[in-house]
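# Notes for the structure review
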Amino acid sequence: MDMSKVHRNLRRIWFPSITPGAGQSYRLHRRPFCQQPSSQLPIPQSNRGIITQQCKQPIQRNSLPSCLGSLSPHRRGYASKPDILDISSFPPERIRNFSIIAHIDHGKSTLADRLLEMTGTISKDSQNKQFLDKLKVERERGITVKAQTASMFYTHNGEEYLLNLIDTPGHVDFSYEVSRSLAACQGTLLLVDACQGIQAQTVANFFLAFGEDLAIIPVVNKVDLPSADPARVANQIEAAFELETADILAVSAKTGLGCSDVLPCVIEKVPPPVADRSAPFRALLFDNWYDKYLGVVCLFAIRDGTLKKGDRLVSAHTKITYEVTDLGIMYPEQRTTTSLHAGQVGYAILGMKTTRDAHIGDTFYREGHPVESFPGFQPAKSMVFAGLYPVDSNDYTKLNDALDRLTLNDASVTVAKESSNALGQGFRLGFLGTLHMDVFRERLEEEYDASVINTNPTVPYLIQYHNGTEKSIRNPAEFPDIEEHPKIKAFLEPMVHGTLIFPAEYLGSMMDLCGSHRGEQQEYTYLDDTRVIMKYTLPLSEILTDFYDQLKSRSSGYASFDYEEIGYQKSDIVKVNILLNGKPVDALATIVHRSTAEKVAKEWTRRLKGVMSKQLFEIVIQASVNNKFVCRETISALRKDVTAKCYGGDITRKMKLLERQKAGKKKLKTVAGGIQLPQEAFLTLMKGEDAAKGKKGKD
């Protein structure tokens, strides 16, 4: 055999861009023979048998789950498409659907990494840290913003089980997403940090799981740290949740210590899903995301029946009919399956164009076979509203496109166009909470390179009129004028039920903090000898801006806070207007309680004076409450020495130049009118004076 001819053929195969054949175009990347059909390889017929005989080796099946055993031989070899899984052999008795719930930074994502590695779903690689945290902001902040799902195959006592894991967010802003994710499970791992102990969100998530009647497995994490005290934390769990200390698992998700006991405990203590394959199809939509190639991908918990490609499904909420174009499980990425059956959790592609059509908590059924909807469904409700404006007015179209793309993956954000006399064209956005707002703005700046200005966040208020009508206010510009007040019966503001957990030595500071924010104490109890749990009723508007900062500052970082909405309550609220040179700046207006209106007005004018630069004319900063001025600050004019060129002569010459300068400044003040506000001004009002100084220092 002419070996030089074989070498030339191999060169053309592995480096096609160097020596392409006549009339052929090859890809630049290398592709092994076992991943490409031989008919597509540019190998001469005389040499094809010699080369492919060594490359056509079947995939080893000892590391694959049994669901791959039903694949035909030609799909097990060197198929060019992903293998299609067949999970119909898993009855509900061998399925476990569970989630991980915990406070922020207690190790949910790290424990999920260990479980995925133990089952062989992902490789043991150092790059697999926070594997289920897909967003860049999640990895940078070390928090989970969006729930993620992964399926695992695990053998226990000689039987293979299908385990579906849901990693949930830990912040109060995403509590509704957590509740819908828990509705798709039959059990949960309650994760508690061995150093920090029970925190506020731990309590909130426990009661969410308890309300869903889930099997709760307590797990104490980070037991390997020097400051860990598992015994103290176990006593807290027993006292707060009435769970037996003997059932608590002690693990270290980072090192893997004790993690091997988690999955056997899940199989033994979490009940299998109650499902009926012969019943009409019924599924719960508990998550979704947008794929630029496939459209909206929906995650379902199949309660009854069977789902196959080509089936037509109907949304119980919108009554819109969709056709299933693809379906499968997350293993850990999207893997197509032949079907999905009762008790299983998987994804389906229905041809939706936007996530606004996919409502979390909605029920789907087969066309022509309506079923009873799952309880607890309600559309996402925005509780924090803020204006968003481009720094450069010419970037309005760019910002509009960025918002359209970003909201494809976050249907909970409401967007409405608005205009401001000071900031020009912009948008009014509604968020689930302040963290949701910060994460959204950060993604907007990092992923789409958008420079934006955020106005002070507000909450939705209600106005009751004497004629029985009601009006919702989401923007201070919508607040009624003083002339309209006689027609108003009452103002109402949203209230929350807050839970604080902190060391006992900070009890006085926490009571003072809540009292200064118009809080009403409900109760407080001791979790153990050192920690206190305290409950307050607070206005939602009081915890939007600096409440968390003061909470951490007064407790040296040891306190945690969680809240839930409890409806509206009558309140005496007023509108505070900020005026620059007599002209109101609508972007700086806010709605506050009358008792704090004057204090807020004085504080804001003082902060604005500190961040605004001098102009060639005098700037007068005023604040008014219900059209009554309560304070004033003045920024003196930046004077230019117009007499510097005069080295002598008559005094009237200097006076003439000064009078001309004075007249020019007066004209500039009336014509220019509007004063440019720096971005630090809005940051100052949102985060406080220290935050603005910090931003200046970074710049």
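Preceding this section is the structure that the text describes.
So, here's what we can say about the structure. Residue positions within a chain follow its written sequence, with the count starting from 1. A pLDDT threshold of at least 70 governs which residues receive local features in this predicted model, and a stricter bar of 80 or more applies before side-chain atom pairs are shown or counted, although totals over entire chains, interfaces and linings include all residues. Side-chain numbers come from the whole structure's heavy atoms, not from hydrogens or water.

## Quick notes on helix α8 (residues 230–241)
In DSSP terms, a helix is any run of H or I states spanning at least four residues, a strand is any run of E spanning at least two, and both are numbered starting from the N terminus. By this rule the span expected of a helix is its residue count minus one, scaled by 1.5 Å. Across its twelve residues, α8 extends 16 Å between first and last C-alpha, which sits within 8% of the 16 Å expected from 1.5 Å per residue. Partly exposed describes any residue whose relative accessible area lies between the buried limit of under 20% and the exposed limit of over 50%, with all areas from a 1.4 Å probe on protein chains only and scaled to the type maximum. For α8, every residue scored as buried is listed here: Val 233, Ala 234, Gln 236, Ile 237 and Phe 241. The buried residues of α8 all sit within an arc of 155° when viewed along its axis, so they share a single face. Projecting away from the buried face of α8 at angles above 90 degrees are the exposed residues Ala 231 and Ala 239. Contacts between residues were defined by any pair of non-hydrogen atoms, one from each residue, lying within 4.5 Å. Its buried side turned inward, α8 meets β4 (187–193), α7 (200–211), β5 (215–221) and β25 (531–539). After α8 finishes, the residue Glu 242 shows a positive phi value of roughly 60°. Arc, as used here, means the arc of the directions from the helix axis to the C-beta atoms.

## Some details on a positive patch on the surface
Each patch is built from salt-bridge-free residues with over 30% relative accessible area, joining like charges within 9 Å and nonpolar side chains (Val, Leu, Ile, Met, Phe, Trp, Tyr) within 5 Å. Here the open area of atoms and residues is found with the Shrake-Rupley method and a 1.4 Å probe, where only the protein chains shown may cover a residue. When a carboxyl oxygen of Asp or Glu is within 4 Å of a side-chain nitrogen of Lys or Arg, the pair counts as a salt bridge. In this count, Lys and Arg are taken as positive residues and Asp and Glu as negative ones, while His and the chain termini are left out. Think of each charge as sitting on NZ of Lys, CZ of Arg, CG of Asp or CD of Glu. On the surface, Lys 645, Arg 653, Lys 656 and Arg 660 cluster together into a patch of positive charge. Among the structural elements, Arg 653 can be located in helix α15 (residues 651–672).

## Focus: the packing of helix α10 (residues 396–406) against helix α11 (residues 434–448)
Every angle, taken between N-to-C directions, lies between 0 and 180 degrees, and every axis is a line fitted to C-alpha atoms, over only the stretch in contact when it is a helix. Direction vectors running N to C along α10 and α11 enclose 115°, while the axes themselves pass 11 Å from each other. When the axes of α10 and α11 are compared, the pair comes out roughly perpendicular. Crossing angle aside, the handedness with which α10 passes α11 is right-handed. Touching Lys 398, Leu 399, Ala 402, Leu 403, Arg 405 and Leu 406 of α10 are Phe 440, Arg 443, Leu 444, Glu 447 and Tyr 448, all from α11. Three categories are distinguished: nonpolar for Ala, Val, Leu, Ile, Met, Phe, Trp, Tyr, Cys and Pro, charged for Asp, Glu, Lys and Arg, and polar for the others, with Gly belonging to the last. Across the contact of α10 with α11, the residue classes break down as seven nonpolar, no polar and four charged. To sort the angles, those under 35 degrees are grouped as roughly parallel, those over 145 as roughly antiparallel, those from 65 to 115 as roughly perpendicular, and the leftovers as oblique. Take the far helix as the reference: if the near one is turned anticlockwise from it by less than a right angle, the crossing is left-handed, and if turned clockwise, right-handed.

## Examining the nonpolar core
Remark: nonpolar core denotes a set of buried residues (Ala, Val, Leu, Ile, Met, Phe, Trp, Tyr, Cys) joined through side-chain atoms within 4.5 Å. Of all hydrophobic cores here, the largest spans 32 residues; its most connected members are Phe 502, Met 510, Leu 538, Ile 543 and Phe 561. For this core, the elements supplying multiple residues, two or more each, are β21 (461–465), β23 (488–503), α12 (507–516), β25, α13 (547–554) and β26 (560–570). The biggest single contributor to this core is β23, with five residues. The contact partners of Phe 502, leaving out residues within four places of it in the chain, are Leu 507, Met 510, Thr 530, Arg 531, Val 532, Met 534, Tyr 558 and Ala 559.

## Regarding the sheet that holds strand β11 (residues 321–323)
At least two DSSP bridges between two strands are needed for those strands to be called paired. Strand order across the open sheet formed by eight strands is β11-β10-β16-β7-β8-β15-β12-β13, with antiparallel pairing between neighbours. Each edge of the open sheet carries a strand with a single partner, namely β11 and β13 (334–336). Direction aside, neighbouring strands of the sheet carry axes that sit 40° apart on average. Of the pairings in the sheet, the one linking strand β10 (residues 312–315) to strand β16 (residues 363–366) comprises three bridges and is antiparallel in character. When the sheet's bridge partners are listed, Ser 315 is paired in β16 with Phe 364.

## Looking at the side chain of Thr 407
Residue placement: Thr 407 occurs in the loop between α10 and β18 (414–420). Within the local environment of Thr 407, its side chain forms a polar contact with the backbone oxygen of Leu 403, the two atoms lying 2.6 Å apart. Under the rule applied, a polar contact is a pair of N or O atoms within 3.5 Å (in protein, one hydrogen donor and one hydrogen acceptor; residues adjacent in sequence only if both atoms are side-chain atoms). For Thr 407, the side chain forms a polar contact with the main-chain oxygen of Asp 404, separated by 3.2 Å. Those residues in contact with Thr 407 that lie beyond four places of it in its chain are Thr 355, Arg 356, Val 413, Val 415 and Phe 440.

## Observations regarding the sheet that holds β18
Pairing in this open sheet of four strands is antiparallel, and the strands run β18-β19-β17-β20 from one edge to the other. For this open sheet the edge positions go to β18 and β20 (452–454), each flanked by a neighbour on one side alone. On average, each strand axis in the sheet is inclined to that of its neighbour by 30°, with strand direction left out of account. Taken together, the five bridges between strand β17 (residues 384–390) and strand β19 (residues 424–431) define a ladder with antiparallel strand orientation. By the bridge assignment for β19, Leu 388 is matched with Phe 427. In this fold α10 packs onto β17, β18, β19 and β20, with an angle of close to 20° to the strand it touches most, β19. Against the sheet, α11 touches β17, β19 and β20, its axis set at about 170° to β20.

## A few points about the packing of aromatic side chains
When the centres of two rings from Phe, Tyr and Trp lie within 6.5 Å, Trp using its six-membered ring, the rings pair. Their planes under 30 degrees apart give stacked, over 60 give edge-to-face, and anything left gives tilted. Counted by the stated rule, this structure contains 14 aromatic pairs. For the pair Phe 153 and Tyr 331, a centre-to-centre distance of 5.0 Å together with 80° between the ring planes defines the contact as edge-to-face. Taken together, the positions of Phe 153 in strand β2 (residues 148–156) and Tyr 331 in the loop between β12 (326–330) and β13 put the pair 178 residues apart, joining distant regions of the chain. The pair Phe 153 / Tyr 331 is uniform in exposure class, with both members buried. Should the NZ of a Lys or the CZ of an Arg lie within 6 Å of a ring centre and within 35 degrees of the ring normal, that charge is described as sitting over the ring. A cation over a ring is seen here: Arg 282 above Phe 374, with NZ or CZ 4.3 Å from the ring centre.

## Let's talk about the pattern of salt bridges
Inspection of the entire model under this criterion finds 19 salt bridges. Taking the shortest distance from any N to any O, the salt bridge between Asp 512 and Arg 554 comes out at 2.7 Å. Highlighted residues: Asp 512 in helix α12 and Arg 554 in helix α13, separated in sequence by 42 residues. Taking relative accessible area as the criterion, Arg 554 reaches 28% and is therefore assigned partly exposed. Several salt bridges share partner residues, and in doing so they unite Glu 493, Arg 518 and Glu 542 into one network.

## Considerations on the pairing of β5
On any regular strand, side chains alternate: one points to one face of the sheet, the next to the other face. Burial analysis of β5 places seven of its seven residues in the buried class, which makes it a mostly covered element. Because side chains alternate across β5, one face comprises the buried residues Ala 215, Ile 217, Val 219 and Asn 221, and the other comprises Ile 216, Pro 218 and Val 220, equally buried. Bridge analysis of β4 against β5 gives seven bridges, and the strand direction is parallel. Looking at the pairing, Leu 189 lines up with Ile 217 of β5. As a crossover connection, the stretch from β4 through α7 into β5 is right-handed. As paired elements, β5 and strand β6 (residues 249–250) share two bridges and run parallel to each other. By the bridge assignment, Val 220 is partnered in β6 with Ala 250. Note on handedness: a clockwise path from strand one over the helix to strand two, with the strands aimed away from the viewer, defines a right-handed crossover. Crossover handedness for the path β5 to α8 to β6: right-handed.

## A few points about the packing of α12 against α13
Running from N to C, α12 and α13 point in directions that differ by 165°, and their axes come no closer than 10 Å. Relative to α13, α12 is oriented roughly antiparallel. The element α12 and its partner α13 pack so that their crossing is right-handed. Across the interface between the two elements, Ser 509, Met 510, Asp 512, Leu 513 and Cys 514 of α12 pack against Phe 547, Gln 550, Leu 551 and Arg 554 of α13. Its residues placed into classes, the contact of α12 with α13 shows five nonpolar, two polar and two charged.

## Points about the pairing of strand β15 (residues 345–349)
Among the five residues in β15, five count as buried, and that is most of the element. Sheet analysis places strand β8 (residues 295–304) next to β15, joined by five bridges and oriented antiparallel. Opposite Ala 301, over in β15, you have Val 345 as the bridge partner. The pairing of β12 with β15 spans three bridges and is classified as antiparallel. The residue bridging Leu 327 from the neighbouring strand is Ala 348, located in β15.

Interpretation note: all reported values are geometric properties and have no functional meaning in isolation.
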